[in-house]
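An overview of the molecular structure
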Amino acid sequence: MKLYDYILSPSCYKIRLMASLLGVPLTLRPVDFHPGEEHLTPEFLALNPAGTLPILADGGLLLTETSAMLVHLATSAGPDWLARHDPQAAASEQQWLSFAHRLTASLGGARLCDMFQRPGDLASLQRQGIMALRELEVRLFEQRLRQQAFLASDRPTIADIACFPHVVLAPDGGISLDPYPSIRLWQRSIRGLPGFIEMPGIYRRHELSEEPDPDAANETAEQV
Amino acid sequence: MLSADLPPMTVVPALMPQGPFALWRSESGILSLQADRCPHRGMRLSHGFVRGEALSCIYHGWRYAQNGRCLKIPAHPRLEPPEAIRVETYAVTESGGLIWGCLETPAGAPPNFDGFAPLRMMSVKVSPQMIATSDEVDRRADGALAIELAGQHCLFLARAQPDGSTLLFCLIEEAAAPEARIAVSRALELFRCRLEADDLQKEAL
Amino acid sequence: MIGPMMDAWYPVALESRLGTNGRSTRLMDTPLHVARLNGGAIEIRTEDGRALPVRLRYGHVWTSLGAPTTDLFDIPEADQPGRRLVEVGVVRVRCSPLRAVENFLDIAHFPFVHTDILGAEPHTEVEKYEVEIREKEDEVWATQVKFYQPQAAKSASTGITTDYMYRVPAPTCSVLYKTCPARPGEWDVITLFVQPLAEDLCDVWPWMALFDDESPMTDLIHFQQMIFLQDRSILENQIPRLLPLDPGMEIPTRADLTSVAYRRWLKRHNYTYGAQLVAQ
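Residues numbered from 1 in each chain as written. Chains lettered and ligands numbered in written order. Predicted model: local features only at pLDDT ≥ 70, side-chain atom pairs only at ≥ 80, totals over all residues. Heavy atoms only, no water.

**Quick word on the overall build of chain B**
Of regular secondary structure, chain B possesses two helices and 14 strands. Buried residues in chain B amount to 57% of all 205 residues. Long-range contacts, defined here as pairs at least 24 residues apart, represent 49% of the contacts in chain B between residues at least 6 apart. Summing over all exposed atoms, chain B offers an accessible surface of approximately 8,900 Å²; the carbon and sulfur share of this is 53%. When the 20 positive and 24 negative side-chain charges of chain B are each reduced to one mean point, those points stand 10 Å apart. (Helix = DSSP H or I, 4+ residues; strand = E, 2+ residues; numbered from the N terminus. Buried < 20%, exposed > 50% of the residue type's maximum accessible area, 1.4 Å probe, protein only. Contact = heavy atoms within 4.5 Å. Areas by Shrake-Rupley, 256 points an atom, 1.4 Å probe, with all protein chains shown as cover. Lys, Arg positive; Asp, Glu negative; His and termini not counted. Charge placed at Lys NZ, Arg CZ, Asp CG, Glu CD.)

Given below as structure tokens:
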């Protein structure tokens, strides 16, 4: 599978993260989104008239919507990531998969505006972003009462991966994550999943690796 | 902060009226409340990580003990950090499912709200006064605000934030069933929404 | 108060990305417009119509609000044949321009902020290195800096010890010389050019001159953007936002000698826009 990718794009990271969690190798084709605006060149608009990233090509299949890419990855390599086991969970998964687009528009919009000075009404995007975070917090709080750590179920689904990147990067758009304890616990669970990978602004959990012994560095150096 | 919101090996910014402080729980469960600023380069310690019984700064990995003393500077792994390098450390305790911090010498144990357990913490963009004077609440002798949400008896603890907003803790009767808790949580959203809308309207006038 | 930093040169645009609409921006609280005239020439004016000096160098458009006593600093390697010049683009950061430079001069954060790329535990030790303020050039220099790098190149599977040299030729600009995997004996040049918008807000323009005939240009841009964005989440969370020049405010160690010299040099020249002089 070939991913047209931008390292700083939370939407591209969704696909890289999902593939890594599933152990699916991706061939990355970096696109000069900033400063080059390569995604708006005729070659790219022919591939994706919407002019958005990422784009996923798998054989004859060409996908330009992240939800479809997540479905494709999970269906081919990890059906456990699809909430197909009961009707409620399946519907919730769709609900939060769609909700992720609101996060892209609000939190993602604020980030582009604040960090890369793309045009937009920052204050209004931030207000919408806070409304979306509050909605997510309520959902995740209710899920905790149901003994479920994730959005649609007691295990992570593609809906969690769809929402995760823009939420964690909210501070890039000047939006604080401090007052959302359930969001904090949820993103901590995702960052602890086997196969988790980082992107700039989203750190790994350093506490999961051992505190090194001061002499360990010398020993490894000698081995090399 | 709610006890349930802070599992072992986590650090969070505790939103106190004086500003954020680094609140963390060690692997063995011990709580610490410290200044949210690494003395080395001023990085917020609440962005750090908790390994074992120590808090590390995310910037350079400087490691601090529960008493605030610097234990390790990774750039100089064999150096015993001087005793003078420490973060301010404050009193913190846990009672009734809530974590209580105190920046001065505590005058006594934190208040007890018999029969109630904390449900949620949330931020509200209005002042604590505005919440306390809302028609829906009654101030109790112990300072808590009594309110009925979704047919349940609830208590509010409202704490001012440096920006004039409020950190609101909602407590619910201990015996409340999960469905009742969900109903209260949703009613709480509505309560916040109305308060913030009223506040905007007042500002517009 | 801007003080002597008024007379320094600052980047305000990427020359190649400056279209006919120009770029409206700010320099130390002064709004200005960088315009591309019909003939292709570049003109910079403040809001009240004052024309500012223009220099085109290192891919960027440079200007000054005052009367620069020296020309823009020289990076001789920029003209060396065979180097690829990489325009990384701009990133806005809510921090003091001086904090952005100080972070760039620091290696001890590599294992925690650029984990598995520029550094990794347990290789956290910073060995002794040399720092001086070169009086003739009036620049801060750090040399013989060495640090363990887990993945020096895409092809590398094991770590190596990488050599670095740091240079501060202007209050908000730094040049880093780094081991060049493709050409042993040469140095790769990685710069951080900072445009101070306000005392606690800046636009950062990284730029590089590398020996690398293999990597696609986009890979080189993305690598540096990734590194800088990892730093951004630190820079926006340092308290205070301004760089404290009061020695009591922050605790340096031997690993921080470059930063100590940088702060001393700033103080000596009264380069204090973005600095906090007295503890508050």
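**Some words on the interface of chain A and chain C**
Taken together, the 32 residues of chain A in the interface contact 31 residues of chain C. When chain A packs against chain C, close to 2,500 Å² is buried across both sides, 53% of that on carbon and sulfur atoms. Broken down residue by residue, the surface that chain A buries against chain C is led by A:Pro35, A:Gln117 and A:Tyr203, which jointly contribute 22%. For the pair chain A and chain C, the interface holds four salt bridges. The closest approach of N and O atoms between A:Asp172 and C:Arg232, which form a salt bridge, is 3.0 Å. Linking chain A with chain C are 17 residue pairs in polar contact (both at pLDDT 80 or more), by the criterion used here. When residues of the side of chain A that touches chain C are traced back to their parent elements, those giving at least two are α4 (87-116) and α8 (216-223) of chain A. Broken down by element, the side of chain A that touches chain C gets its largest block of residues, four residues, from α8(A). For the side of chain A that touches chain C, the per-class residue count stands at 15 nonpolar, eight polar and nine charged. (Buried area = accessible area lost by both parts, 1.4 Å probe. Salt bridge = Lys/Arg side-chain N within 4 Å of Asp/Glu carboxyl O. Polar contact = N/O pair within 3.5 Å; in protein donor to acceptor, adjacent residues only side chain to side chain. Nonpolar A, V, L, I, M, F, W, Y, C, P; charged D, E, K, R; others polar.)

**Some details on the domain arrangement of chain A**
Residues and elements named next belong to chain A. Domain boundaries in chain A define domain 1 (2-81) and domain 2 (87-223). Centre-to-centre separation of domain 1 and domain 2, based on C-alpha positions: 19 Å. Each side of the interface is counted separately: domain 1 has 24 residues, and domain 2 has 28 residues. The junction of domain 1 with domain 2 conceals about 2,200 Å² of combined surface from both sides, 68% of it contributed by carbon and sulfur atoms. Inspection of the region where domain 1 meets domain 2 yields one salt bridge. The partner of Arg-118 in a salt bridge is Glu-37, with the nearest N and O atoms 3.9 Å apart. On the surface where domain 1 and domain 2 come into contact, there are eight residue pairs in polar contact (both at pLDDT 80 or more). Going through the elements one at a time, α1 (10-22) and α3 (66-77) are the ones with two or more residues in the side of domain 1 that touches domain 2. Examining the composition of the side of domain 1 that touches domain 2, we find that nine residues originate from one element, α1, more than from any other. In the side of domain 1 that touches domain 2, the residues fall into 13 nonpolar, six polar and five charged. (Domains from an automatic or database assignment.)

**Focus on the packing of helix α5 (residues 122-145) of chain A against helix α7 (residues 181-191) of chain A**
The relative placement of two packed helices is expressed as an angle between their axes plus a distance between the axes. Residue and element names in this part refer to chain A. Remark: α5 packs on α7, axes separated minimally by 8 Å, with the N-to-C direction vectors making an angle of 70 degrees. By the angle between their directions, the pair α5 and α7 is classed as roughly perpendicular. Two secondary-structure elements touch here, α5 through Leu-133, Leu-136, Glu-137, Leu-140, Phe-141 and Arg-144 and α7 through Pro-181, Ser-182, Ile-183, Leu-185 and Trp-186. Residue composition of the contact of α5 with α7, by class: eight nonpolar, one polar and two charged. (Axes fitted to C-alpha atoms, helices over the stretch in contact; angles between N-to-C directions. Parallel < 35°, antiparallel > 145°, perpendicular 65-115°, else oblique.)

**A word on the environment of A:Cys12**
Residue and element names in this part refer to chain A. If you trace the backbone, Cys-12 turns up in helix α1. The buried category is assigned to Cys-12, whose relative accessible area is 0%. As for Cys-12 and Leu-53, which are separated by 41 residues in sequence, their C-alpha atoms are 6.6 Å apart. Beyond its immediate sequence surroundings of up to four residues, Cys-12 is in contact with Leu-3, Tyr-4, Asp-5, Tyr-6, Leu-53 and Pro-54.

**Structural notes on the interface of chain A and chain B**
On the chain B side, the residues contacting the 25 residues of chain A number 32 residues. Applying the counting rule to chain A against chain B returns seven salt bridges. Residue A:Glu142 is joined to B:Arg186 by a salt bridge in which the shortest nitrogen-to-oxygen separation is 2.7 Å. There are eleven residue pairs in polar contact (both at pLDDT 80 or more) connecting chain A and chain B. The set of elements that each furnish at least two residues to the side of chain A that touches chain B consists of α5 and α7 of chain A. Ranked by residues supplied to the side of chain A that touches chain B, first place goes to α5(A) with eight residues. Within the side of chain A that touches chain B, the residues separate by chemical class into ten nonpolar, three polar and twelve charged.

**Topic: the pairing of strand β8 (residues 89-95) of chain B**
All names here are of chain B. Examined bridge by bridge, strand β3 (residues 31-35) and β8 share two bridges and lie antiparallel to one another. What sits directly across from Gln-34, in β8, is Thr-89. The sheet contact formed by β8 and strand β9 (residues 98-102) spans five bridges and is antiparallel. In the strand pairing of β9, Ala-91 is matched with Cys-102. Between β8 and β9, which pair antiparallel in sequence order, lie two residues; one of them, Gly-96, sits at a positive phi of approximately 60 degrees. (Pairing = 2+ DSSP bridges.)

**Description of the packing of aromatic side chains**
Within the structure shown, the criterion is met by 23 aromatic pairs over all chains. Look at A:Tyr4 and A:Phe44: their rings are 5.6 Å apart centre to centre, the planes differ by 85 degrees, and that puts the pair in the edge-to-face class. With A:Tyr4 in strand β1 (residues 2-5) and A:Phe44 in helix α2 (residues 42-47), the pair connects residues that are 40 residues apart, well separated along the chain. A:Phe44 shares its class with A:Tyr4; the two are buried. On the basis of an interplanar angle of 90 degrees and a centroid distance of 5.7 Å, the ring pair of C:Trp62 and C:Phe73 is categorised as edge-to-face. In this pair, C:Trp62 sits in strand β7 (residues 60-63) while C:Phe73 sits in the loop between β7 and β8 (84-87), placing the two residues eleven residues apart along the sequence. Here C:Trp62 matches C:Phe73 in class, with each residue buried. Through a chain of ring-to-ring contacts, three or more aromatic side chains come together here, namely C:Tyr58, C:Trp62, C:Phe73, C:Phe193 and C:Trp207. (Phe/Tyr/Trp six-rings, centres within 6.5 Å; stacked < 30°, edge-to-face > 60°.)

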